[in-house]
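# Results of the structural survey
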Amino acid sequence: MNASIEPLLADGLENEPPAKRVLHYVQSHKEQKHPIAGIYCGYAPIELMHAMDVVPAVLCAFSNVPIATAEEVLPANLCPLIKSSYGFIQEGTCPFYSLADVVVAETTCDGKKKMFELIADIKPTHVMDLPQLADEPEALESWKTMIRKLQAFLETQLDRKTTDTRIESAIIWNNRKNRLMQKVFDYAAMTPPAISWPEVYDLTFLGIAATGREMVPILESVLEKLEKRVAAGIGFGEPNAPRVMVTGCPIGGDATKIFRIIEDAGAVVVTLDACTGMKAFMGEIEENTGDPIGAIARRYLEIPCACMTPNKRRLDSTSEMIERFNPHMVVDFVLQACHAYNVESHKVEKHVAAAHGLPFLKVESDYSDSDVGRIRTRVEAMLEIVKANAA
């Protein structure tokens, strides 16, 4: 980012990766004697944790560095996110795992499920059985039961209690956070966007861990700065730069190469449609229902992850993002061996073409740099099609 542009998060960590800022946040709460719960997925009900003054810390790793260590135990043809996460634990080099008092896991994919078995004897680990036919009538009651079981686990392991009143308060605050995040994302929908993809990425990573009460004043300040940018005519990307939506698997760390490749090719990333991006903040939980756990369960089952079947919500969500952010092309980033997202990519491609007439590019990759040249060539070729269509 241009040094003359005021950073949105002016906390002395502007030049650090997002994980550094979140680590600082988690460490500060640890010093305040707040328990830390490591989480692996967007289905972990953070409102329940916030209601218990428990800090959620994402344990998913996005680095190629520990994968060789992981492959001493795990198969080489496994998802790099799982191998990276496990490798860090094996090496003892994941600060978030070291800080975590307990681990909350979900049955979103087979690889993760078996990895959880390998780490369960290291720290107290609670696995939630996620219903994956979300529209079946029994799914809601099943997921409510899982959330109540998680509550009991946290109460027992961490000696923390909560009430429905406190859970309701956490819902209200997190909804306020999500509404403000939506306003922030509106600045990415502008032409040119007034917010860059690294800034969106920073905010979403912090926003997953931080409570609504903490994030609301931060986001209010961010919105003031964004409005000043608009008034000053500040935007990102070259005039008439192609706008790109990136969807698919979680993206972080070494996987952000896809964003950099797109940007280096002269386009601008306007939509980070993943559970490490905008997706985590796209919905709200119904308030004042008298059943806050039921309200949480209902909302989380609406998350359009590829682990769900059938997953029409993913197609609906993709259309909503396209209509809102006006991309000229869609890139579907799929991690190697992530079979759910890989298979679903075919349906997403057909939907994007039929409903919106946009070019679509599936990129299957891992965390290494070995395929950067190949990906760059494919992205540049697709952007040439975009430019030809615009001519």
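First things first, this report covers the structure right here in the doc. (Residues numbered from 1 in each chain as written. Predicted model: local features only at pLDDT ≥ 70, side-chain atom pairs only at ≥ 80, totals over all residues. Heavy atoms only, no water.)

Turning our eyes to something else, we now look at the overall build of the protein. On a plain count of helices and strands, the protein comes out with 15 helices and 8 strands. For 391 residues, the compact-globule estimate of 2.2 N^0.38 gives 21 Å, and the protein sits close to it at 20 Å. When its C-alpha atoms are laid out on the principal axes, the protein stretches across 65 × 50 × 45 Å. When burial is assessed residue by residue, the protein has 58% of its 391 residues classed as buried. Sequence-distant contacts, at least 24 apart, represent 73% of the contacts inside the protein between residues at least 6 apart. When the accessible surface of the protein is split by element, carbon and sulfur atoms take 52% of a total near 16500 Å². (Helix = DSSP H or I, 4+ residues; strand = E, 2+ residues; numbered from the N terminus. Rg over C-alpha atoms; globule rule 2.2 N^0.38 Å. Buried < 20%, exposed > 50% of the residue type's maximum accessible area, 1.4 Å probe, protein only. Contact = heavy atoms within 4.5 Å. Areas by Shrake-Rupley, 256 points an atom, 1.4 Å probe, with all protein chains shown as cover.)

Turning next to the pairing of strand 6 (residues 268–273). Counting buried positions over the 6 residues of strand 6 gives 6, a clear majority of the element. When strand 5 (residues 243–248) meets strand 6, the two strands line up parallel, connected through 5 bridges. Bridge pairing in strand 6 links Val-246 to Leu-272. In the classification by handedness, the crossover that spans strand 5, the intervening helix 11 (residues 257–264) and the parallel strand 6 is right-handed. (Pairing = 2+ DSSP bridges. Right-handed = clockwise from strand over helix to strand, strands pointing away.)

Moving on: the sheet that holds strand 8 (residues 360–365). The parallel open sheet is built from 4 strands, whose spatial order is 6-5-7-8. Two strands in the sheet have a free side with no partner beyond their single neighbour: strand 6 and strand 8. When strand polarity is set aside, the average angle formed by the axes of neighbouring strands in this sheet is 25°. The pairing of strand 5 with strand 7 (residues 329–335) spans 5 bridges and is classified as parallel. Among the inter-strand pairings, Met-245 is bridged to a residue of strand 7, identified as Val-330. Sheet strands touched by helix 13 (residues 312–325): strand 5, strand 6 and strand 7. Its angle to strand 5, the strand with the most contacts, is close to 160°. (Axes fitted to C-alpha atoms, helices over the stretch in contact; angles between N-to-C directions.)

Inspection of the secondary structure assignment puts Leu-23 in helix 1 (residues 18–31). The contacts of Leu-23, once residues within four sequence positions are left out, are Pro-95, Phe-96 and Leu-99.

The next thing to look at is the pattern of salt bridges. One pass over the structure, following the stated rule, counts 22 salt bridges. The salt bridge partner of Arg-299 is Glu-302, with a shortest N-O separation of 3.7 Å. (Salt bridge = Lys/Arg side-chain N within 4 Å of Asp/Glu carboxyl O.)

Ordered by their spatial adjacency, 4 strands build an open sheet running 2-1-3-4, and the pairing between neighbours is parallel. With one partner strand each, in any of the chains shown, strand 2 (55–58) and strand 4 (125–128) form the two edges of the open sheet. Direction aside, neighbouring strands of the sheet carry axes that sit 30° apart on average. Strand direction decides the pairing type here: strand 3 (residues 102–106) and strand 4, joined by 4 bridges, are parallel. Residue pairing across strands places Glu-106 opposite Met-128, the latter belonging to strand 4. Across the face of the sheet, helix 1 comes into contact with strand 1 (36–39) and strand 2 while running at roughly 145° to strand 2. Along the sheet, helix 7 (residues 137–158) contacts strand 3 and strand 4; its crossing angle with strand 4, the most-contacted strand, is approximately 170°.

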